Amino acid sequence: MAPFTRRGFLRSSCLTAGGALAGVCCLANTVHASAARWTDFQTYPPFHCRATFPLEPLKPMFRELASLERELRRTLALPPGTESVDVLLFSSERQHRDYCHQHLPRTPYRRALYLQRNDHASVLAYRHPELPIDLRHECTHALLHASFPMVPLWLDEGLAEYFEMPESRRAFHHPHLDKLRWNLRLGMIQTVESLEDARDLQDMGGAEYRFAWAWVHFMLHGPVPAHRALVHYLADIQRGQPPGKLSERLREAVPQLEDRMTQHFRNWRA
């Protein structure tokens, strides 16, 4: 995989495994949760959290994480989830790396991983200052794939980028916003069609993640027809109906799509 920073200013070592699973494949590895390793266990539905360190100091983070499913259901009109997600947390990078090397030897090492095997989802990460961002991102992948048989890679990553921020920062204070505005001022834009061409994470660089986030932001906070197009698109996927391309639905719903998106961010202020 060509090296790049998925969040140029954050997490240069972390690329999600979840995006690679966006309707393409499932990992053949099972996450083996050996009870002897874990010193604490807490449940915050739908998340079952095991850790090699005491979880009590992280309770506020897990309460917020538990609200993520409700926020996804409200924003995307998702049905209530029925599947649980295992969250495995390690006290250090070395402990996390050793565990992945032992139990996931064929999986490229990442700072945070979303793994899907059959109908069971797991998220692996280790304790560090940006752990809440990592968990919100990877757990968004897990919740999306619990509701849909497939999600296009760019949309999967765009939604995870949006929801990885705490709720107070998602709409107006996301780190992508300033750089995106500079891109738009310089006439640089990636269309939804160009993002739809991405088939695996090698096709997603920093600009692709930024514009995937931007189009999700536009659909969630821009014209009502754009949000409606997203909700109907996801509903068709959930029902097993051929959804076609989201780009076609957006162009039909919002004339002069790129101009409207540019204007949306030009005027977007807290």
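Residues numbered from 1 in each chain as written. Predicted model: local features only at pLDDT ≥ 70, side-chain atom pairs only at ≥ 80, totals over all residues. Heavy atoms only, no water.

> Kindly report on the overall build of the protein, identifying the contributing residues and their values.
Along the protein, the regular secondary structure elements total 11 helices and 5 strands. For the protein, the residues scored as buried account for 53% of the 270 residues in total. Considering only contacts within the protein whose residues lie at least 6 apart along the sequence, 70% involve residues at least 24 apart. For the protein, the exposed area adds up to about 12300 Å²; of that, 51% sits on carbon and sulfur atoms. (Helix = DSSP H or I, 4+ residues; strand = E, 2+ residues; numbered from the N terminus. Buried < 20%, exposed > 50% of the residue type's maximum accessible area, 1.4 Å probe, protein only. Contact = heavy atoms within 4.5 Å. Areas by Shrake-Rupley, 256 points an atom, 1.4 Å probe, with all protein chains shown as cover.)

> Account for the pairing of strand 1 (residues 40–44), naming residues and giving values.
With 5 bridges connecting them, strand 1 and strand 2 (residues 47–51) associate as antiparallel partners. Bridged to Phe41 within strand 2 is Arg50. A loop of 2 residues connects strand 1 with strand 2, the two strands running antiparallel in sequence. (Pairing = 2+ DSSP bridges.)

> Any details on the environment of Val123? Residues and values, ideally.
Here Val123 is to be found in strand 5 (residues 120–126). By relative accessible area, which is 1% here, Val123 ends up buried. For the pair formed by Val123 and Asp86, sequence separation is 37 residues and the distance between their alpha carbons is 6.2 Å. If sequence neighbours within four positions are ignored, Val123 has contacts with Val85, Asp86, Val87, Leu88, Leu113, Tyr114, Leu135, Glu138, Cys139 and Ala142.

> Any chance you could break down helix 1 (residues 59–76) for me, citing the residues and the numbers?
The terminal C-alpha atoms of helix 1 lie 26 Å apart, and with 18 residues this matches the ideal 26 Å at 1.5 Å per residue to within 8%. The sharpest bend along helix 1 measures roughly 25 degrees and falls at Glu69. Regarding helix 1, the residues found buried are Met61, Phe62, Leu65, Ala66, Leu68, Glu69, Glu71, Leu72, Thr75 and Leu76. Positive backbone phi, at 55 degrees, marks Ala77, one or two positions downstream of helix 1. (Expected span 1.5 Å × (residues − 1). Bend = angle between axes of the 7 residues up to and from the residue.)

> Now, about the side chain of Glu69: what can you tell me, with residues and values included?
Relative to the assigned elements, Glu69 resides in helix 1. Take Glu69: its relative accessible area is 14%, and that puts it in the buried class. Once residues within four sequence positions are removed from consideration, Glu69 is found in contact with Pro46, Gly81 and Leu143.

> So what about the environment of Leu58? Which residues, and what values?
Within the element layout of this structure, Leu58 appears in the loop between strand 2 and helix 1. Judged by its relative accessible area of 16%, Leu58 is buried. Expressed as a C-alpha distance, the spacing of Leu58 and Pro132, which sit 74 residues apart in the sequence, is 9.3 Å. With residues near it in sequence (within four places) discarded, Leu58 still touches Phe53, Leu89 and Leu131.

> Help me get a handle on the packing of helix 6 (residues 176–185) against helix 11 (residues 257–266), residues and values and all.
Helix-helix packing is described using two parameters, namely the angle between the two axes and the distance between the axes. Interhelical geometry of helix 6 versus helix 11 gives an angle of 130 degrees and a closest axis separation of 10 Å. Here helix 6 is positioned oblique relative to helix 11, judged by the angle of their axes. The element helix 6 and its partner helix 11 pack so that their crossing is left-handed. Taking contact as the criterion, the partners of Leu177, Leu180, Arg181 and Leu184 in helix 6 are, on helix 11, Met261, Thr262 and Phe265. (Axes fitted to C-alpha atoms, helices over the stretch in contact; angles between N-to-C directions. Parallel < 35°, antiparallel > 145°, perpendicular 65-115°, else oblique. Left-handed = near helix turned anticlockwise from the far one by under 90°.)

> Describe the sheet that holds strand 1, listing the residues and the values that go with them.
The strand order 1-2-3-5-4 describes an open sheet built from 5 strands, whose pairing is mixed. Because the sheet does not close on itself, it has two edges, and the strands there are strand 1 and strand 4 (113–117). The average undirected angle you get between the axes of adjacent strands in this sheet is 20 degrees. The sheet contacts of helix 1 involve strand 1, strand 2 and strand 3 (85–90), and relative to strand 1 the element is tilted by about 35 degrees. Contacts between helix 3 (residues 131–147) and the sheet are confined to strand 2, strand 3, strand 4 and strand 5, with strand 5 contributing the most and set at about 170 degrees to the helix.

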